[in-house]
Amino acid sequence: MLVELWCESSSRTSRAVAARKGAAVRVCEAAPGAPLQPAPRLSDLRPGSLICWPVNLRQAAHKRAVARFIKDLCKAASAKHAPKTKARIHSNRTPNIRKLALLTSPECKEWSAGNIVNRKRRCPLQIYAGRSATIEDIRFARQCHRQLRISLKEHNSLSIHEQPLLARMPKRFANVMSYEDTEWPWTVFRENGLPGVNSTYAARVNGCAVGMVHIDKPVCKPWKIEVRHGTLLKAVLASFRCPANHEHDRIVGGTRAKQSALYPAKLAAAFADEVCA
Ligand SMILES: [Zn+2]
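Residues numbered from 1 in each chain as written. Predicted model: local features only at pLDDT ≥ 70, side-chain atom pairs only at ≥ 80, totals over all residues.

Caption draft 1: Focus on the overall build of the protein chain. Summing up its helical and strand segments, the protein chain has eight helices and nine strands in all. Classification of the 277 residues of the protein chain by burial places 34% in the buried group. Residue pairs at least 24 apart in sequence account for 70% of intrachain contacts in the protein chain once pairs closer than 6 positions are excluded. (Helix = DSSP H or I, 4+ residues; strand = E, 2+ residues; numbered from the N terminus. Buried ≥ 20, exposed ≤ 12 C-beta atoms within 10 Å, placed from the backbone. Contact = placed C-beta atoms within 7 Å.)

Written out as structure tokens, the structure reads:
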């Protein structure tokens, strides 16, 4: 069972999970100002189902609904392994969640190279606004992953957080914005500024190693992927590095950057294999 946050409405990862007879929920972006849709019912999460839930994750009420949904899923997943209690009996009506996986990939354009250039030109007003919204996204991602950590065990949970490597935090400048290191996206699994427990790891993955091409030329889009649990996935991700024996095409803005937001099939399959393992 996979829940994807900040997901493209055509996400390959969810589709791959559904194809492997897992259930997948895409929490994708709702139209601005759209009313909150009810959360998918747990009884609808059958093997092979793929549900799209449009949500505006920049709105508090929507966020609360997502947090509640994840909490309910955690309950259902932990009830399956609990001894026969009321919760167990209740869980007969809810689906068999053997493993709950959460994949978060908040939008990061406020942190991207282009914005760093703007920052250097000192026109940071809209960047300030975007930046704090992004920090809120990161906080929310962390909150959701924490829910999995506290309610589930290694064998029934999987946390994945992805950010493009190029959305990099600038070095601390003496004159402007001291970025709070603990809020930096890569550290989504760090809590209270402490490094995560040893079940977490971060992998760097290159687009060209997972078959990302643009007009027959490999694209080296690098991602940083943080994972908690999932030993299988760890080994696979480690092999997704650019062999550095070819030329790359560059990704520059517009539709190409948009396309590259969709994971290549090979990466999506690696995620889905671990989710359904
Ligand atoms: Zn390469």
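There's more to say after this.
Caption draft 2: Geometry of the nonpolar core. Residues L73, L100 and A101 are the most contacted members of the largest nonpolar core, which totals 54 residues. Broken down by element, the residue count for this core peaks at seven residues, all from helix 2 (residues 60–81). Residue contacts for A101: discarding those within four places in its chain leaves M1, L2, L158, I160 and V275. (Core = buried A, V, L, I, M, F, W, Y, C linked by C-beta atoms within 7 Å.)

Caption draft 3: Molecular detail of the confidence of the model for the protein chain. Averaged over all residues, the pLDDT of the protein chain equals 79, while 70% of them reach at least 70. Confidence drops under a pLDDT of 50 for residues 88–92, and excluding neighbours within four residues, the segment shows five contacts in the predicted structure. Across residues 170–183, where pLDDT falls below 50, the model places 10 contacts with residues more than four positions away in sequence or in other chains. (pLDDT = per-residue confidence, 0-100.)

Caption draft 4: Summary view of the packing of helix 1 (residues 12–19) against helix 8 (residues 265–275). Here helix 1 crosses helix 8 at 45°, and the two axes come no closer than 8 Å. It follows from the interaxial angle that helix 1 and helix 8 lie oblique. Here helix 1 and helix 8 pass one another in a crossing that is right-handed. Listed contacts from helix 8 to R12, T13, A16 and V17 of helix 1 are A265, A268, A269, F271, A272 and V275. Tallied by class, residues from the contact of helix 1 with helix 8 come to eight nonpolar, one polar and one charged. (Axes fitted to C-alpha atoms, helices over the stretch in contact; angles between N-to-C directions. Parallel < 35°, antiparallel > 145°, perpendicular 65-115°, else oblique. Left-handed = near helix turned anticlockwise from the far one by under 90°. Nonpolar A, V, L, I, M, F, W, Y, C, P; charged D, E, K, R; others polar.)

Caption draft 5: Quick look at the sheet that holds strand 4 (residues 100–104). Spatially, 3-2-1-4-5-9-6 is the arrangement adopted by the seven strands of the open sheet, whose pairing is mixed. Edge positions in the open sheet fall to strand 3 (50–55) and strand 6 (200–206), since each of these has one partner strand only. Taking each pair of neighbouring strands and ignoring which way they run, the sheet shows an average axis angle of 15°. Bridge analysis of strand 1 (residues 2–7) against strand 2 (residues 24–29) gives five bridges, and the strand direction is parallel. Following the sheet pairing, L2 is matched in strand 2 by A24. (Pairing = 2+ DSSP bridges.)

Caption draft 6: Region of interest: unusual backbone geometry. The backbone phi angle of W6 is positive, close to 55°, even though this residue is not glycine. With respect to the helices and strands, the residue W6 is situated in strand 1. Although it is not a glycine, K21 sits at a positive phi angle of roughly 70°. Within the secondary structure, K21 is located in the loop between helix 1 and strand 2. Assessed through the 11 C-beta atoms surrounding it within 10 Å, K21 is described here as exposed.

Caption draft 7: Broad picture of the packing of helix 6 (residues 231–238) against helix 8. Contact geometry of helix 6 with helix 8 gives a least axis separation of 9 Å together with a crossing angle of 165°. With respect to helix 8, the axis of helix 6 lies roughly antiparallel. Between helix 6 and helix 8 the crossing geometry is right-handed. On helix 8, the residues touching L232, L233, V236 and L237 of helix 6 are A270, D273 and E274. A breakdown of the residues in the contact of helix 6 with helix 8 according to their chemical character gives five nonpolar, no polar and two charged.

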